[in-house]
Amino acid sequence: MSPSAARHGGKGRVPVMHSGLILLLWLSGVILLQALPLATLLPAAAACLLAALWFARRRAMRLLRRVRVLMVAIVVLFAWFTPGEALLLTWPALSPTREGALMALEHGARLAAVVCMVALLLERLPVERLVGGMYALCRPLALCGVSPERLALRLLLVLRYVESAAPAAARDWRHWLADDVGPVAAEVVHLQRERLGAADWLLGGALIGLVCWWGLA
């Protein structure tokens, strides 16, 4: 894996924001979704869904279809197995509970919002920049003996497999047990490394200050 550096203000296409900072902001948004109450979560989840359908419709629909079984499981487990007041008073034995339905709505909205945010991230951030951002965030792990280059390379391989795998192959688990996987071609992977600009430092400092203020509040 050969690293390549990208400078702000250089020739060609100039990154607007450091990819590592984009990932940090994205992670902050995902964490914030988990802390929102239901009254605020529903508008936020609706906004994520509308943004994903507008900017990354095909990818969002594909990812939402892949989690539909998990979504059904969330609804069934929470709505029918949570103690509380029955929604259908005429059939209390078969009715979901009011408390369970609210919990199913809350957790289903969180899952749908996160899936939509993943679709937006993968649609708007190229794979090279995404892996470069992950490399930048994982660089402190080098102090513990963990190689950030290997982590970034493994992330790149996983993303390429997910994006290139055919739907039929993804559903068929037997290909994982096959001994004959065919020839594997060697490939040179270029890791895009970006430098932090003045706007990145300011936004990163503001984000850290906001997190510290939130933690102390």
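Starting from 1, residues in each chain are numbered consecutively following that chain's sequence as written. Only residues with pLDDT of at least 70 get local features here, since the model is predicted, and only at 80 or more are side-chain atom pairs given and counted; chain-wide, interface and lining totals rely on the full set of residues. Only hydrogens and water are set aside; all other atoms, that is, all heavy atoms of the structure, feed into the side-chain values.

### A look at the overall build of the chain
Of the regular secondary structure elements, the chain holds nine helices and two strands. The numbering of helices and of strands both runs from the N terminus, where a helix is a DSSP run of H or I of at least 4 residues and a strand a run of E of at least 2. Counting from the amino terminus, the chain carries its helices and strands in the arrangement β-α-α-α-α-α-α-α-α-β-α. For the chain, long-range pairs separated by at least 24 residues make up 72% of all intrachain contacts whose partners lie at least 6 apart in sequence. Accessible surface computed for the chain: about 14800 Å², of which carbon and sulfur atoms make up 69%. A contact between two residues is defined here by any heavy atoms of the two lying within 4.5 Å. Only the protein chains shown count as cover for residues, with accessible areas throughout obtained via the Shrake-Rupley method and a probe of 1.4 Å.

### A closer look at the nonpolar core
Put simply, buried Ala, Val, Leu, Ile, Met, Phe, Trp, Tyr and Cys residues joined by side-chain atoms within 4.5 Å make one nonpolar core. Here's how the labels work: a residue is buried when its accessible area is under 20% of the maximum for its type, exposed when over 50%, partly exposed in between, all with a 1.4 Å probe on protein chains only. The biggest cluster of nonpolar side chains holds 24 residues, and the ones touching the most others in it are L33, M117 and L121. Elements represented by at least two residues in this core include exactly α1 (19–35), α2 (38–55), α3 (57–66) and α5 (98–124). For this core, the leading source of residues is α5, giving nine residues.

### Some thoughts on the environment of L41
Mapped onto the elements, L41 comes out in helix α2. Take L41: its relative accessible area is 0%, and that puts it in the buried class. Between the alpha carbons of L41 and H107 there is a distance of 9.9 Å; along the sequence they are 66 residues apart. Not counting residues within four places of it along the chain, the set of residues in contact with L41 comprises L33, L36, E106, A109 and R110.

### Remarks on the state of the cysteines
The criterion for a disulfide is a pair of cysteine sulfur atoms lying within 2.5 Å. Applying the stated criterion across every chain yields a total of zero disulfides. The thiol of C48 is unpaired, and the distance to the nearest cysteine sulfur, on C116, comes to 6.6 Å. Owing to a relative accessible area of 15%, C48 belongs among the buried residues under this scheme.

### Details of the pattern of salt bridges
The rule for a salt bridge is simple: a side-chain nitrogen of Lys or Arg has to be within 4 Å of a carboxyl oxygen of Asp or Glu. The full count for this structure, using the stated rule, is three salt bridges. Residue R98 is joined to E85 by a salt bridge in which the shortest nitrogen-to-oxygen separation is 3.7 Å. Here E85 lies in the loop between α4 (68–81) and α5 and R98 lies in helix α5, a separation of 13 residues in the sequence. For E85, a relative accessible area of 42% gives the class partly exposed. As a salt-bridge pair, R110 and E106 come within 2.4 Å of each other at their nearest N and O atoms. Pair noted here: R110 and E106 are both in helix α5, with a separation of four residues, about one helical turn.

### Some words on the confidence of the model for the chain
Summary statistics for the chain give a mean pLDDT of 78 and a share of 73% for residues scoring 70 or more. As a per-residue measure, pLDDT reflects the predictor's confidence and takes values from 0 up to 100. Contacts from residues 7–12, a stretch scored under 50 in pLDDT, to residues over four places away or in other chains number 11 contacts.

### Notes on the packing of α3 against α5
α5 packs onto α3 with a crossing angle of 140 degrees between their chain directions and a minimal axis gap of 9 Å. The pairing of α3 with α5 is recorded here as oblique in orientation. At the point where α3 passes α5, the crossing takes the right-handed sense. Residues R59, A60, L63 and L64 of α3 touch α5, and the partners they reach there are A112, V115, V118, A119, L122 and E123. Considering only residue class, the contact of α3 with α5 consists of eight nonpolar, no polar and two charged. Every axis in this analysis is a line fitted to C-alpha atoms, fitted for helices over the stretch in contact. Angles between the N-to-C directions lie between 0 and 180 degrees. Every angle not falling under 35 degrees, over 145, or within 65 to 115 is termed oblique; those three ranges are roughly parallel, roughly antiparallel and roughly perpendicular. In a left-handed crossing the near helix is turned counterclockwise from the far helix by less than a right angle, and in a right-handed crossing that turn is clockwise. Three classes are used: nonpolar for Ala, Val, Leu, Ile, Met, Phe, Trp, Tyr, Cys and Pro, charged for Asp, Glu, Lys and Arg, and polar for all others, with Gly counted as polar.

### Quick word on the packing of α1 against α5
Where α1 contacts α5, the axes come no closer than 10 Å and their chain directions differ by 170 degrees. By the angle class used here, α1 and α5 are roughly antiparallel. Mapping the contact onto sequence places I22, L23, W26, G29, V30, L33, Q34 and A35 in α1 and R110, A113, V114, M117, V118 and L121 in α5. Of the residues in the contact of α1 with α5, the class split is 11 nonpolar, two polar and one charged.

### Some remarks on the environment of R195
For R195, the location among the structural elements is in the loop between β2 (190–194) and α9 (198–216). Separated by 177 residues in the primary sequence, R195 and H18 place their C-alpha atoms 7.1 Å from one another.

### Considering the side chain of R59
Within the secondary structure layout, R59 lies in helix α3. A relative accessible area of 14% means that R59 is categorised as buried. Polar contacts, as counted here, are pairs of nitrogen or oxygen atoms within 3.5 Å of one another; within protein the pair requires one atom able to donate a hydrogen and one able to accept it, and residues that are adjacent in sequence qualify only if both atoms are side-chain atoms. In this structure the side chain of R59 is engaged in a polar contact, spanning 2.9 Å, whose partner is the side chain of E123.

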